[in-house]
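The residues making up each chain are set out below.
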Amino acid sequence: MNVPRYWRSERTRYGLVGEICRSCGKPIFPPRDVCPHCTDEGQDVHPFGGKGQVYSFSTVYDAPAGYTEYQPYTVALIKLDEGPLVTAQLTDVDNEAVHIGMPVEMVTRKIKEEGENGLIIYGYKFRPVLESKSSRPDRF
Amino acid sequence: MKPLREVGIIGYGAYIPRYRLPAAEVARVWTEGHAGLPVEEKSVPGLDEDTATIAIEAARNALARGGIAAQSIRAVWVGSESHPYAVKPTSTIVAEAIGATPQVSAADWEFACKAGTEALQAAIALVGSGMTDFAMAIGADTAQGRPGDALEYTTAAGGAAYIIGPREHSLAYLEGSYSYVTDTPDFFRRPYQHYPEHGGRFTGQPAYFKHITHAVEALLQELGYTPGDFAAAVFHQPNTKFPQRVAQMLGFSKEQIRVGLLAPKIGNTYAASSLLGLTAVLDEAKPGDRILLASFGSGAGSDAFSFVVTDLIQERQRLAPTTQAYIARRKPVDYALYVRYRRKLQMH
Ligand SMILES: [Zn+2]
């Protein structure tokens with residue numbers, strides 16, 4: 001039962017909430033005690049925009065325990081528009097259509113379930129960017 | 001009914017999953033194709049989707065259109081008949097994910113397919129009483145039908161979120177609402193049961209048609225309007241025919257219900273059904289349009305609302321994906337994949 005561990009990382013997982021370093025001003029994800037760019041310690045909470053591109057990827061056909069239900073799925077390294085690289089599962093995509101440079105956006109999805117009686121773990125995944133404009137020009 | 005303080009819709013957001021099950025697939029498996037099809041196809045949630053994730057995306061879209069800080073929302077209410085937990089509110093997960101916690105009221109609402117509009121009535125009252133400036137009401141579901149049952153053709157998944165706030169900030173203001181409820185056992189599900197029971201033909205006349213017509217006629221009488229005063233009308237959509245027939249009974253034209261009639265393409269999204277019809281109408285609405293919304297929930301009851309679109313609509317429509325953009329994002333699945341996605345496979 002890992003309830004406290006999941007609970008502590010909820011904000012980071014649900015909404016891609018990272019940090020901005022107070023010393024060098026660089027964005028940091030996931031949140032850390034020490035800035036990976038300048039090694040200073042002070043950081044402010046910063047929600048990321050959620051847009052990025054596929055930097056590299058690999059499709060998983062033989063998933064680890066707890067994730068077999070979702071296989072096959074693609075795990076990707078995403079370069080966020082703000083800079084940091086994030087590892088995440090892709091969703092709502094055909095695995096064979098994934099390519100380097102593919103524009104993606106963050107969504108919150110089920111990551112796994114701790115069995116029938118356990119906690120449902122939610123977190124960020126990425127999917128191909130959805131067009132925000134309707135293709136229907138007509139109005140009523 | 002009218003609140004003391006005038007209120008309206010500040011932001012709205014839709015979400016529809018990517019997968020579709022053609023009704024012809026259900027007919028192929030269960031009737032060798034010999035069945036009338038109540039819809040063309042229905043939306044099917046992916047393996048990593050549930051009512052919470054659907055509500056979260058709809059809520060983020062509503063926030064994007066509303067242009068207000070998540071921290072200013074003081075209530076997040078989610079209506080559904082498919083909450084992921086029996087005990088543990090979906091609304092807490094949604095409120096956390098959109099950044100509205102902890103200074104917020106959160107609760108889950110239940111009333112079959114009108115759980116979402118019941119939450120909307122409450123949000124109108126909370127803001128309308130002056131207790132808070134912004135409240136969010138969501139209808140979201142991942143409905144299940146028993147394999148081979150008539151419901152399996154239509155039970156779908158989707159969500160719609162609305163931020164209610166003061167009229168002066170609204171993209172559509174509320175003119176009035178009305179609720180009509182009786183104890184009618186047309187459709188129900190007991191605890192620990194996976195699939196619901198329904199009364200077949202009993203779900204029509206004494207349930208759907210009676211409650212919607214009473215609610216809408218009473219609202220029109222209170223406001224002094226006739227169907228001709230409305231640019232568009234949206235009714236709950238358990239299939240394609242029911243909303244068409246109830247519109248005709250009440251005197252609304254095919255053109256008035258055209259934009260909001262989504263059931264043929266996505267099925268019955270339960271608590272999201274009429275609320276998604278309204279997001280589709282708002283996506284294409286222009287200032288001055290008067291819109292009627294009437295839900296139906298088994299058990300049974302109907303909530304009816306009249307909104308008038310304001311000048312603020314045009315700048316907010318494009319701030320989030322449209323309902324039609326989600327409908328166009330479409331990946332058909334066959335019955336076998338559907339059975340896997342909806343966890344109908346027993347692994348022994
Ligand atoms: Zn730094």
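Computed from a prediction, not measured in an experiment: that's the story for all the values here.

### A word on the sheet that holds strand β4 (residues 73-79) of chain B
All names here are of chain B.
Next, step 1: As summarised here, the arrangement of the 9 strands in space is β5-β4-β6-β7-β1-β8-β13-β12-β11, forming an open sheet in which the pairing is mixed. Strands at the two margins of the open sheet, each flanked by one partner only, are β5 (105-109) and β11 (232-235). Taking each pair of neighbouring strands and ignoring which way they run, the sheet shows an average axis angle of 20 degrees.
Next, step 2: Two strands pair when backbone bridges link them, and β4 and β5 are joined in this way by 5 bridges, in the parallel orientation. Note that in β5 the partner of V78 across the bridge is D108.
Next, step 3: Against the sheet, helix α2 (residues 51-66) contacts β1 (7-15), β4, β6 (134-142) and β7 (157-166), and its axis sits at roughly 130 degrees relative to β1.
Next, step 4: Most of the contacts of helix α5 (residues 204-223) go to strand β8 (residues 172-184), to which it runs at about 140 degrees, and overall it touches β8, β11, β12 (290-294) and β13 (299-309).

### Considering the pairing of strand β5 (residues 73-80) of chain A
All names here are of chain A.
Next, step 1: When strand β4 (residues 51-60) meets β5, the two strands line up antiparallel, connected through 8 bridges. Counterpart to V54 in the pairing with β5 is I78.
Next, step 2: Of the strand pairs in this sheet, β5 and strand β6 (residues 85-89) are connected by 5 bridges, and their pairing is antiparallel. Pairing of V75 across the sheet is with Q89, part of β6.
Next, step 3: Counting the residues that bridge the hairpin from β5 to β6 gives 4 residues, and of these G83 lies at a positive phi of roughly 125 degrees.

### Topic: the domain arrangement of chain B
Residue and element names in this part refer to chain B.
Next, step 1: As assigned here, chain B comprises domain 1 (7-172 + 314-341) and domain 2 (173-311).
Next, step 2: Both sides together, the interface formed by domain 1 and domain 2 hides about 4,500 Å², and carbon and sulfur atoms give 59% of it.
Next, step 3: At the surface where domain 1 touches domain 2, the tally comes to 4 salt bridges.
Next, step 4: Inspection of the region where domain 1 meets domain 2 yields 31 residue pairs in polar contact (both at pLDDT 80 or more).

Conventions adopted
- Residues numbered from 1 in each chain as written.
- Chains lettered and ligands numbered in written order.
- Predicted model: local features only at pLDDT ≥ 70, side-chain atom pairs only at ≥ 80, totals over all residues.
- Heavy atoms only, no water.
- Pairing = 2+ DSSP bridges.
- Helix = DSSP H or I, 4+ residues; strand = E, 2+ residues; numbered from the N terminus.
- Axes fitted to C-alpha atoms, helices over the stretch in contact; angles between N-to-C directions.
- Contact = heavy atoms within 4.5 Å.
- Domains from an automatic or database assignment.
- Buried area = accessible area lost by both parts, 1.4 Å probe.
- Salt bridge = Lys/Arg side-chain N within 4 Å of Asp/Glu carboxyl O.
- Polar contact = N/O pair within 3.5 Å; in protein donor to acceptor, adjacent residues only side chain to side chain.

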